[in-house]
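# Per-entry structural report
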Amino acid sequence: MAKTLKLLKPLHPFLVTQYFGKDKTDPQYLEAYKKLGLLGHNGWDCVRPSPNLTEGANVRASHDGEVMYAGADACFGYGVVLKTLEPFDYNGAPTFFKSIYSHIDHKIPVKVGQKVEAGDIIATASHTGCNVKPHLHWGLKPIYQGESPWTWYNVEQGAGYLGAIDLEPYVSPMTAYEFSGQVSRIKEQIAYFKNKLVELLAKLTLLK
């Protein structure tokens, strides 16, 4: 059975100002979402930890993935979309996912087709598109592949949120920044012990 997807939080520090779903949507925006064909907010709005600290913050990849999209995205301003590199469990079936990062700055450091690792910087937080204050719209959609390798469709397209599902079951307590720091420290430790091993082997060679 496929393993469960785990998502790292893309901002550090991390605070959610609006969650997923009709019941968790700010009532003043419900009509606006209805005009977009949505029952309510179809992702999480994230800040760091306030709009004043969010503008210009690094947005990091929530998982290992491939860049499916990087550019202008209508009402959402500029955005990046990542596809998982492997399938994960969704309702008992192996399923690929795509994570969505919107309202970002127009200077995007990644390109379509590029592979990224969890914790890599993929964008800069901003306030492009239809929004009032700087924040990151973070979304998640389970997807399946069409006949062509480059064609993907949303599994939940007809569920009222344009294919998006709630991130809640998949979000890790750790931010991508914290994860990246842990990985860097582990790599440093591995490099240190490799150097020590090389030095030891050299000394043993001299003793022969």
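The notes below deal with the structure included here. Remember, predicted model here, so these are calculated numbers, not experimental data.

What follows concerns the overall build of the protein. Looking only at helices and strands, the protein features three helices and 13 strands. Taking the principal axes of the C-alpha coordinates as reference, the protein spans close to 80 × 45 × 30 Å. Here the analysis covers contacts within the protein between residues at least 6 apart in sequence; of these, 69% occur between residues at least 24 apart. Here the protein has roughly 11900 Å² of accessible surface; of this, 57% comes from carbon and sulfur atoms. The average position of the 22 basic charges and that of the 20 acidic charges among the side chains of the protein differ by 6 Å.

Below, the discussion takes up the nonpolar core. Counting 35 residues, the largest nonpolar core has W44, I122 and W138 as its most contacted members. Counting residues per element, the ones that place at least two in this core are β3 (44-47), β6 (78-84), β7 (88-90), β8 (93-104), β10 (121-124) and β11 (136-145).

Our focus in this paragraph is the packing of aromatic side chains. This model, assessed by the stated rule, comprises nine aromatic pairs. The interplanar angle of 90 degrees and the centroid separation of 5.9 Å between the aromatic rings of Y90 and F97 together place this pair among those described as edge-to-face. Classification of F97 by relative accessible area gives buried; the value is 0%. Cation over ring: K24 sits above Y19, and NZ or CZ is 5.7 Å from the ring centre.

By the element assignment, I100 lies in strand β8. Distance from I100 to W138, taken between C-alpha atoms, is 5.5 Å for residues 38 residues apart in sequence. Once residues within four sequence positions are removed from consideration, I100 is found in contact with V80, V81, H137, W138, G139 and K141.

Taken together, the side chains of Y144, Y153 and V155 make up a nonpolar region of the molecular surface, amounting to roughly 290 Å² of accessible area. Looking at where V155 falls in the secondary structure, it is placed in the loop between β12 (152-154) and β13 (171-175).

Looking down a regular strand, the side chains alternate between one sheet face and the other. Here β3 shows two buried faces, one formed by W44 and C46 and the other by D45 and V47. As defined by bridge partners, β3 adjoins β11 across three bridges and the pair is classed as antiparallel. Paired with W44 across the two strands is W138, which belongs to β11.

This part takes up the side chain of H63. When you line up the elements, H63 lands in the loop between β4 (58-60) and β5 (65-72). Here S99 takes part through its side chain, which lies 2.7 Å from a polar atom of the side chain of H63. When neighbours within four sequence positions are excluded, H63 is seen to be in contact with K6, L7, L82, K83, T84, S99, Y101, V116, E117 and A118.

Conventions we followed
- Residues numbered from 1 in each chain as written.
- Predicted model: local features only at pLDDT ≥ 70, side-chain atom pairs only at ≥ 80, totals over all residues.
- Heavy atoms only, no water.
- Helix = DSSP H or I, 4+ residues; strand = E, 2+ residues; numbered from the N terminus.
- Contact = heavy atoms within 4.5 Å.
- Areas by Shrake-Rupley, 256 points an atom, 1.4 Å probe, with all protein chains shown as cover.
- Lys, Arg positive; Asp, Glu negative; His and termini not counted.
- Charge placed at Lys NZ, Arg CZ, Asp CG, Glu CD.
- Core = buried A, V, L, I, M, F, W, Y, C linked by side-chain atoms within 4.5 Å.
- Buried < 20%, exposed > 50% of the residue type's maximum accessible area, 1.4 Å probe, protein only.
- Phe/Tyr/Trp six-rings, centres within 6.5 Å; stacked < 30°, edge-to-face > 60°.
- Lys NZ or Arg CZ within 6 Å of the ring centre and 35° of its normal.
- Patch = residues over 30% accessible without salt bridge, like charges linked within 9 Å, V, L, I, M, F, W, Y side chains within 5 Å.
- Salt bridge = Lys/Arg side-chain N within 4 Å of Asp/Glu carboxyl O.
- Pairing = 2+ DSSP bridges.
- Polar contact = N/O pair within 3.5 Å; in protein donor to acceptor, adjacent residues only side chain to side chain.

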